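Coordinate inspection notes
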Amino acid sequence: MADYPETILEFRDWFADEDKCREYLARVRWPDGFVCPRCQGREYWNMKRGLYWCRGCDYQTSVTAGTLFADSHKPLRLWFEAMRYVTNQKYGVSALGLKRVLGLGSYDTAWTWLHKLRRAMVRPGRDRLQGEIEVDETFVGGVRPGKRGRGAEGKTLVLIAAQAAQKGIGRIRLKQIEDASGATLESALLTMAEPGCRIRTDGWQGYTGLKALGYDHQVIRESKDVGENLLPLANRVAALIKRWLLGTHQGAVQFSHLDYYLDEYTFRFNRRTSRSRGLLFYRLIDQAVHLHPIQRVELTEKAAVDAKKSQESTG
Ligand SMILES: [Zn+2]
């Protein structure tokens, strides 16, 4: 069962010191008690500073090892504040905003933290959308309208899958794609929507192979009924992400980072009706301590992060 603080005072009580933060992480990471990451043993000795000593294989580990919080020399309390802040801002946060709120010494630290948290917002092997889904591509960035089927200068193409709900849009999936060719669209879509579901698109030739992949493909053509607004849900999502990128991030997102931003947007959007910010905080922490091995590798690729960082801080 998810348990998390609801109010700011509860939050400050629950996470008043490092021990309390570590205990909470342990509860989320090992809900049925400690499990040795090496031998899966459950017997351990408690050591100083939150270290665990496995009685089965003598392995020493901590609750943060192998999680997003590994190798951080900053207090967990600060991380918890960062996650609270990030999940309480409806429209997302900038590195500068995080730096100010946490009183971090450097912009680089704030930037790195935000990127780590964005990676925790992707649920590895997350389920694909089901039901009725509108699919469309949209260009992000640049000033001139792009041409379909090939890249346009200063722009990047984003594939949108928007699930139809009783009232408007259900959940979404977003993915940066290289072009709007059939091969690209098909392989992207297979990661976003479950075969068998109904996919609505416009008449673009790149979508003709969807039936062969097992989708119930429905082509919406311009008519009296729909006018030019063939795919209202996908169009709405396209408008929202463009506004979000311009508003929260002043349009300053590098294409090489766009996928992380799209993940952050998806995380927020798909949980937008969740009334509890506390639950959102819990989900983020849950994903941060259960990182997929691939995400862990990415996080330790410090060189790559540093390269991106210097790129962005100059931009
Ligand atoms: Zn062990």
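What counts, and at which threshold
- Residues numbered from 1 in each chain as written.
- Predicted model: local features only at pLDDT ≥ 70, side-chain atom pairs only at ≥ 80, totals over all residues.
- Heavy atoms only, no water.
- Helix = DSSP H or I, 4+ residues; strand = E, 2+ residues; numbered from the N terminus.
- Contact = heavy atoms within 4.5 Å.
- Polar contact = N/O pair within 3.5 Å; in protein donor to acceptor, adjacent residues only side chain to side chain.
- Axes fitted to C-alpha atoms, helices over the stretch in contact; angles between N-to-C directions.
- Parallel < 35°, antiparallel > 145°, perpendicular 65-115°, else oblique.
- Left-handed = near helix turned anticlockwise from the far one by under 90°.
- Nonpolar A, V, L, I, M, F, W, Y, C, P; charged D, E, K, R; others polar.
- Pairing = 2+ DSSP bridges.
- Donors = N, O, S within 2.8 Å, 3.2 Å for Na, K, Ca; no water.
- Tetrahedral: all angles 85-135°; square planar, octahedral: opposite > 155°, others 65-115°.
- Buried < 20%, exposed > 50% of the residue type's maximum accessible area, 1.4 Å probe, protein only.
- Core = buried A, V, L, I, M, F, W, Y, C linked by side-chain atoms within 4.5 Å.

Some words on the environment of Cys-197
With respect to the secondary-structure elements, Cys-197 resides in the loop between helix 6 (182-192) and strand 7 (198-201). The spacing of Cys-197 and Gly-214 is 17 residues in sequence and 8.2 Å in space, taken between C-alpha atoms. If sequence neighbours within four positions are ignored, Cys-197 has contacts with Leu-129, Gln-130, Gly-131, Ile-133, Tyr-215 and Asp-216.

Details of the side chain of Asn-270
Residue position: Asn-270 is located in helix 8 (residues 258-270). Looking at Asn-270, its side chain comes within polar contact range of the main-chain nitrogen of Ile-172, at 2.8 Å.

Here's the deal with the packing of helix 4 (residues 95-102) against helix 5 (residues 107-120)
Viewed as axis vectors pointing N to C, helix 4 and helix 5 meet at an angle of 110°, and their least axial separation amounts to 8 Å. Classified by the angle between their axes, helix 4 and helix 5 sit roughly perpendicular to one another. Every pair of crossing elements has a handedness; the one defined by helix 4 and helix 5 is right-handed. Taken together, the residues of helix 5 that come into contact with helix 4 (itself represented by Ala-95, Leu-96, Leu-98, Lys-99 and Leu-102) are Tyr-107, Ala-110, Trp-111, Trp-113 and Leu-114. Grouping the constituent residues of the contact of helix 4 with helix 5 by class yields 9 nonpolar, no polar and 1 charged.

Quick look at the pairing of strand 7
With 3 bridges joining them, strand 4 (residues 132-140) and strand 7 adopt parallel strand pairing. For Glu-132, the partnering residue across the bridge sits in strand 7 and is Arg-198.

Structural notes on the coordination of the zinc ion
Every protein donor of the zinc ion is accounted for by Cys-36 (SG), Cys-39 (SG), Cys-54 (SG) and Cys-57 (SG), and the metal-donor separations fall at 2.2 to 2.3 Å. For the zinc ion, the 4 donor atoms are set out with angles of 102 to 113° between them, so the coordination reads as tetrahedral. The motif formed by the donor residues of the zinc ion, counted along the single chain, is C-x2-C-x14-C-x2-C. Here the residue Cys-36 occupies a position in the loop between helix 2 (18-29) and strand 1 (44-46), and Cys-54 occupies one in strand 2 (residues 51-54), the gap between them amounting to 18 residues. Comparing Cys-36 with Cys-54 shows no difference in burial state: the two are buried.

Remarks on the environment of Asp-108
In this structure, Asp-108 sits in helix 5. Separated by 12 residues in sequence, Asp-108 and Leu-96 place their C-alpha atoms 9.5 Å apart.

A short note on the nonpolar core
Ranked by size, the top nonpolar core spans 46 residues in total, and within it Tyr-24, Phe-69 and Phe-80 carry the most contacts. Put simply, the parts of the chain that give this core at least two residues each are helix 2, strand 2, helix 3 (76-88), helix 4, helix 5 and helix 9 (277-289). The dominant element in this core, judged by the number of residues it contributes, is helix 3, at 8 residues. Beyond its immediate stretch of four places on either side in the chain, Phe-69 contacts Leu-25, Thr-64, Leu-76, Trp-79, Met-83, Ala-288 and Val-289. Among the nonpolar cores identified, the runner-up in size contains 24 residues, and Ile-169, Ile-220, Leu-240 and Ile-241 belong to it.

Considering the sheet that holds strand 1
Spatially, 3 strands are ordered 1-2-3 in an open sheet, and the strand pairing comes out antiparallel. The outermost strands of the open sheet, each flanked by one partner alone, are strand 1 and strand 3 (60-62). Here the strands of the sheet are splayed against their neighbours by 30° on average, with no regard to which way each runs. As paired strands, strand 1 and strand 2 are joined by 3 bridges and run antiparallel to one another. Note on strand 2: the bridge partner recorded for Trp-45 is Trp-53.

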